[in-house]
Amino acid sequence: QEAGAFFFACVKDDGSVVGFVNGTLSSEQSLTHDSMSMHDPAGSLLCVHSVCVHEGVRRSGIGSKMLKNYVEMVKATQPAVTCIALICKKYLIAFYAGC
């Protein structure tokens, strides 16, 4: 509720949600588990919490398209955001680097 502007859903024509990206703002200078624990509306660091894709459509490119669109939406509508960061598992680094 507090960070609604940073929730992005991918919805099919029939209204079903196939994925989402969400995050919160932090006034911290670096991304840590602590900086992700609370939304600070005055923050300039966007901490991405989740990039989730429905199991039935994974590995179809939706995740990377969602994340790219999310970043573009944030850049276009949230001028206070100066940095976007996330914490991920090691095996996902290449995926996120490609986005």
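Relevant structure appears above.
The sections below set out a description of the structure shown in this document.

So, how was this worked out
- Residue positions are counted from 1 within each chain, in the order its sequence is given.
- Totals for whole chains, interfaces and linings use every residue, but because this is a predicted model, local features are given only for residues with pLDDT of at least 70 and side-chain atom pairs only at 80 or more, for both listing and counting.
- Side-chain calculation: all heavy atoms of the structure are included, whereas hydrogens and water are not.
- In short, DSSP must find at least two bridges between two strands for them to pair.
- Only DSSP runs of H or I reaching four residues or more are called helices, and only runs of E reaching two or more are called strands; each is numbered from the N terminus.
- If the strands point away from the viewer and the path from the first strand over the helix to the second runs clockwise, then the crossover is right-handed.
- Only C-alpha atoms enter the line fits that serve as axes; for helices the fit covers just the stretch in contact. Angles between N-to-C directions range over 0 to 180 degrees.
- Relative accessible area decides the class of each residue, using a 1.4 Å probe on protein chains only: under 20% of the type maximum gives buried, over 50% gives exposed, and in between gives partly exposed.
- Any two residues whose heavy atoms approach within 4.5 Å at even a single point are treated as in contact.
- Salt bridges, as used here, are contacts in which a Lys or Arg side-chain nitrogen is within 4 Å of a carboxyl oxygen on Asp or Glu.

Describing the pairing of strand S3 (residues 45-53)
Relative to S3, strand S2 (residues 17-26) is paired through 8 bridges, and the arrangement is antiparallel. Of the residues in S3, the one forming a bridge with Leu25 is Leu46. Alignment of S3 against strand S4 (residues 83-86), held across 4 bridges, turns out to be parallel. By the bridge assignment for S4, Val48 is matched with Leu86. Viewed along the sheet, the connection from S3 through helix H1 (residues 62-77) into S4 turns out right-handed.

With respect to the pairing of strand S1 (residues 7-11)
Here 5 bridges tie S1 to S2, and the two strands are oriented antiparallel to one another. Within S2, the position partnered with Phe7 by the bridge is Asn22.

Overview of the sheet that holds S1
With mixed pairing, 4 strands are arranged side by side in an open sheet as S1-S2-S3-S4. Only two strands of the sheet have a single neighbouring strand rather than two, namely S1 and S4. In this sheet, adjacent strand axes meet at a mean angle of 25° when their direction is disregarded.

Remarks on the side chain of Ser26
Position of Ser26 relative to the elements: it lies in strand S2. Taking relative accessible area as the criterion, Ser26 reaches 4% and is therefore assigned buried. Leave out the neighbours within four places in its chain, and Ser26 touches Ser35, Asp40, Gly43, Ser44, Leu45 and Cys47.

A short note on the pattern of salt bridges
Within the structure shown, the criterion is met by 1 salt bridge. A salt bridge links Glu72 to Lys75; its shortest N-O distance comes to 3.5 Å. In this pair, Glu72 and Lys75 both sit in helix H1, 3 residues apart, roughly one turn of the helix. Its relative accessible area of 46% is what places Glu72 among the partly exposed residues. Using a relative accessible area of 57% as the deciding quantity, one classes Lys75 as exposed.

Looking at unusual backbone geometry
Phi is mostly negative for residues that are not glycine, and the peptide bonds are mostly trans. Here the phi dihedral of Arg59 falls at roughly 65°; this positive angle occurs in a residue that is not glycine. In this fold, Arg59 is placed in the loop between S3 and H1.

Re the environment of Ser30
Residue position: Ser30 is located in the loop between S2 and S3. Accessibility expressed as a relative area gives 44% for Ser30, which makes it partly exposed. Taking the C-alpha atoms as reference points, Ser30 and Cys47, separated by 17 residues in sequence, lie 9.4 Å from one another. When residues no more than four places from it in sequence are discounted, the contact partners of Ser30 are Ser35 and Leu45.

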